[in-house]
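Report on the structure
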2 protein chains.
Amino acid sequence: MSAAERGDGQYAYEGLDRVIHERARLGVLTSLVAHPKGLVFGDLRRLCQLTDGNLSRHLQVLLEAGLVEVVKSFEHNRPQTVCKITSEGRARYLDYLAVLEQVVRDAAAAMQSDPAAPPFTGLAPA
Amino acid sequence: MSAAERGDGQYAYEGLDRVIHERARLGVLTSLVAHPKGLVFGDLRRLCQLTDGNLSRHLQVLLEAGLVEVVKSFEHNRPQTVCKITSEGRARYLDYLAVLEQVVRDAAAAMQSDPAAPPFTGLAPA
C-alpha cells in the first residue's frame, strides 16, 4: 500500500493542542494533575525548572485558555499564589495525552519497519 | 513528601528537543521513520496534512538540524524531491520518544493520584 493510499493525515496529529504542546506548559499541567489540591508558585517553579518570569508567562496562557485557576491569598502575612488545574484543563490534558500515546504507538510501529533502527523496546518499564 | 522534597525539575522535560517538539515536524519525522527508504514531497505533505509552504519551511529546519536529507532529482522528466531521515535524525527521534514515554508514565501516575480525574486507562491498546 502506498503512503497516499494509507490515508491522508495519518501523521497530522491535529489533536496536539498547541496550548499544551509546549515543553514548559506540559510540565506545569503534569505537575498540577499530580497535585490536585494545587501547588504554590515556588514549588511549581522548582518542579518545572522555570524562572519566575517564564512560569508567570506560561500560567497566564493557561489561565486565559481556562486550563488552570490561580488563587492569590495571604498566608502568615505573606502573599501566596496557588495554582490548580481546572476540570476543563484536566479534560483537555487527557485528550492531549491520548494523542501522545498515539505518537508513541506510531513510533513503535514505524521503528519495527526500519531495518536501520536500533532495537526499540517501545513502552518499556521506567 | 512535599513537592520540593521530591526533587527539582521532576516535570522539567528538558529532553523535549525543541526541533522535534513541534506538531508538524513531529509528524514529518514519524512519517520518515515509518518509510526508511524515503518519501516524495507530495506523500509527506498528504500524510502530515501540511501546505507546500509549511512543509518546505519545516523541512528546512530539519535539514539545518541534520535530522533529514533531501534528494532532488528528475524522474520521467519531472522534478522529484525525496526526503529521508538521517541516522542522527533517527537517534534524536528515539531520544525524544523516550521523553514522551516518560510524560505518558508521569500522567498515568498523576491521574491515579487525582480523585477528580475520570478513569485513565493509561497505555490502552488503540
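Here we summarise the structure given alongside this text. The structure displayed is predicted, hence computed values, not measured ones.

1. Overview of the overall build of chain A
Looking only at helices and strands, one finds five helices and three strands in chain A. Listing each helix as α and each strand as β along chain A from the N terminus yields α-α-β-α-α-β-β-α. Relative to its full complement of 126 residues, chain A shows a buried share of 50%. Sequence-distant contacts in chain A: of pairs separated by 6 or more residues, those separated by 24 or more amount to 50%. For chain A, the computed accessible surface area is about 6,200 Å², with 51% contributed by carbon and sulfur atoms.

2. Quick notes on the packing of aromatic side chains
Residue and element names in this part refer to chain A. Counted under the stated rule, the structure contains two aromatic pairs over all chains. Where Tyr11 meets Tyr13, the ring centres are 6.4 Å apart and the plane angle is 55°; that geometry is what we call tilted. An identical accessibility class is assigned to Tyr11 and Tyr13; each is buried.

3. Some points on the sheet that holds strand 1 (residues 39-40) of chain B
Residue and element names in this part refer to chain B. Here three strands make up an open sheet; going across it, the order is 1-3-2 and the pairing antiparallel. Every other strand in the sheet has two partners, leaving strand 1 and strand 2 (68-75) as the edge strands with one partner each. Pairing of strand 2 with strand 3 (residues 78-85), which is carried by eight bridges, proceeds in the antiparallel orientation. By the bridge assignment for strand 3, Glu69 is matched with Lys84.

4. Considerations on the sheet that holds strand 3 (residues 78-85) of chain A
Sheet strands pair via backbone hydrogen bonds, and the direction of the pair is either parallel or antiparallel. All names here are of chain A. The three strands lie next to each other as 1-3-2, forming an open sheet whose pairing is antiparallel. Across the chains shown, the open sheet's two edge strands, defined by having one partner strand only, are strand 1 (39-40) and strand 2 (68-75). Each of strand 1, strand 2 and strand 3 touches helix 2 (residues 23-34); the most contacted strand, strand 3, lies at about 90° to it. Against the sheet, helix 4 (residues 52-64) touches strand 2 and strand 3, its axis set at about 120° to strand 2.

5. Here we look at the pattern of salt bridges
One pass over the structure, following the stated rule, counts 10 salt bridges over all chains. With a closest N to O distance of 3.7 Å, Glu22 of chain A and Arg18 of chain B form a salt bridge. Of this pair, Glu22 of chain A sits in the loop between helix 1 (3-6) and helix 2 while Arg18 of chain B sits in the loop between helix 1 (3-6) and helix 2 (23-34), which puts the two residues in different chains. What makes Glu22 of chain A buried here is its relative accessible area of 16%. Since its relative accessible area comes to 52%, Arg18 of chain B is described here as exposed. Ionic pairing is found between Asp43 of chain A and Arg46 of chain A, a salt bridge with its closest N-O pair at 2.8 Å. One end of the pair, Asp43 of chain A, and the other, Arg46 of chain A, are both in helix 3 (residues 41-48), three residues apart, so they sit about a helical turn from each other. The class of Asp43 of chain A is buried, set by a relative accessible area of 16%. Each of Asp17, Glu88 and Arg92 of chain A takes part in a single network of salt bridges with overlapping partners.

Cut-offs and rules
Residues numbered from 1 in each chain as written. Chains lettered and ligands numbered in written order. Predicted model: local features only at pLDDT ≥ 70, side-chain atom pairs only at ≥ 80, totals over all residues. Heavy atoms only, no water. Helix = DSSP H or I, 4+ residues; strand = E, 2+ residues; numbered from the N terminus. Buried < 20%, exposed > 50% of the residue type's maximum accessible area, 1.4 Å probe, protein only. Contact = heavy atoms within 4.5 Å. Areas by Shrake-Rupley, 256 points an atom, 1.4 Å probe, with all protein chains shown as cover. Phe/Tyr/Trp six-rings, centres within 6.5 Å; stacked < 30°, edge-to-face > 60°. Pairing = 2+ DSSP bridges. Axes fitted to C-alpha atoms, helices over the stretch in contact; angles between N-to-C directions. Salt bridge = Lys/Arg side-chain N within 4 Å of Asp/Glu carboxyl O.

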